[in-house]
Structures are given as C-alpha cells and as structure tokens.
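What follows is each chain in one-letter form.
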Amino acid sequence: MTRTVQCRKHKQELAGLERPPYPGAKGEDIFNNVSLQAWGEWQKHQTLLINERRLNMMNAEDRKFLQVEMDKFLSGEEYAQAEGYVPPSE
C-alpha cells in the first residue's frame, strides 16, 4: 500500500515519498508533508531555474537561493520563475 501524506503544496491527501530526500530535519519535514507529485514538480522547476538562471551548484549563494525557492514552492507561496522560459505548446 502506498504511503500518503497531507500535501502542503496541493492541500490534499496524496502519495508520499518513499524516503526523505535530504538528511536531517529538512528531509523529514519534506517526507512528512510533501507529496511525491509536488516533489516531482519541484525537481522540474529546480532544473529550469538552474538552467535559465545559470546557477552554479558549487556557489553557496546559488545553493541558498534554490533552498529558499524550494521552501516557497513547496509551501504554495510565490516563487521565482525561470526568466524568459516559454513552455512548449502541445
């Protein structure tokens, strides 16, 4: 049976992650309050931010920026968008 969580982002009961995505308290918080769907959405958005803003993951400021944006995204707050990105039309 799939583990479910009350997703903080989508405000409904959805399938949860199999394991915490980070060590420590931050990972446990995500594991207990963020759905698999929301986590996947964040990973796609994170990739867009890294590529479009040319973030360097070796740079502490860029990593901090992504951490702050992840918290906003997963909480349903306003978050940074990839500048100039136009999604492909289907």
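Residues numbered from 1 in each chain as written. Predicted model: local features only at pLDDT ≥ 70, side-chain atom pairs only at ≥ 80, totals over all residues. Heavy atoms only, no water.

Novice: Requested: an account of the pattern of salt bridges, with residues and values cited.
Specialist: Tallying each qualifying case throughout the model produces four salt bridges. The closest approach of N and O atoms between Asp 71 and Lys 26, which form a salt bridge, is 2.7 Å. Of this pair, Asp 71 sits in helix H3 (residues 60-75) while Lys 26 is found in helix H1 (residues 24-33), placing the two residues 45 residues apart along the sequence. (Salt bridge = Lys/Arg side-chain N within 4 Å of Asp/Glu carboxyl O. Helix = DSSP H or I, 4+ residues; strand = E, 2+ residues; numbered from the N terminus.)

Novice: Kindly report on the nonpolar core, identifying the contributing residues and their values.
Specialist: Counting 16 residues, the largest nonpolar core has Ile 30, Val 34, Trp 39, Trp 42, Met 70 and Leu 74 as its most contacted members. Setting aside chain neighbours within four positions, we find Val 34 in contact with Val 5, Cys 7, Arg 8, Gly 16, Leu 17, Asp 29, Trp 39 and Leu 74. (Core = buried A, V, L, I, M, F, W, Y, C linked by side-chain atoms within 4.5 Å. Buried < 20%, exposed > 50% of the residue type's maximum accessible area, 1.4 Å probe, protein only. Contact = heavy atoms within 4.5 Å.)

Novice: Lay out helix H2 (residues 36-52) in plain terms, naming residues and giving numbers.
Specialist: End to end, H2 covers 24 Å across 17 residues, agreeing with the expected 24 Å (1.5 Å per residue, within 8%). All of the buried residues in H2 are Ala 38, Trp 39, Trp 42, His 45 and Leu 49. Within H2, the buried residues cover an arc of 125° as seen down the axis, which keeps them to one side. Turned more than 90 degrees away from the buried face of H2 sit Lys 44 and Asn 51, all of them exposed. Its buried side turned inward, H2 meets H1 and H3. Of the residues flanking the end of H2, it is Arg 54, one or two places downstream, whose phi is positive at about 50°. (Expected span 1.5 Å × (residues − 1). Arc of directions from axis to C-beta.)

Novice: Can you explain the side chain of Asp 62? Please cite residues and give values.
Specialist: Counting through the fold element by element, Asp 62 comes out in helix H3. No salt bridge is formed by the buried Asp 62; its nearest oppositely charged neighbour, Arg 63, is found at 8.3 Å. Ignoring any residue separated from it by four or fewer positions in sequence, one finds Asp 62 in contact with Leu 55, Asn 56 and Met 57. (Lys, Arg positive; Asp, Glu negative; His and termini not counted.)

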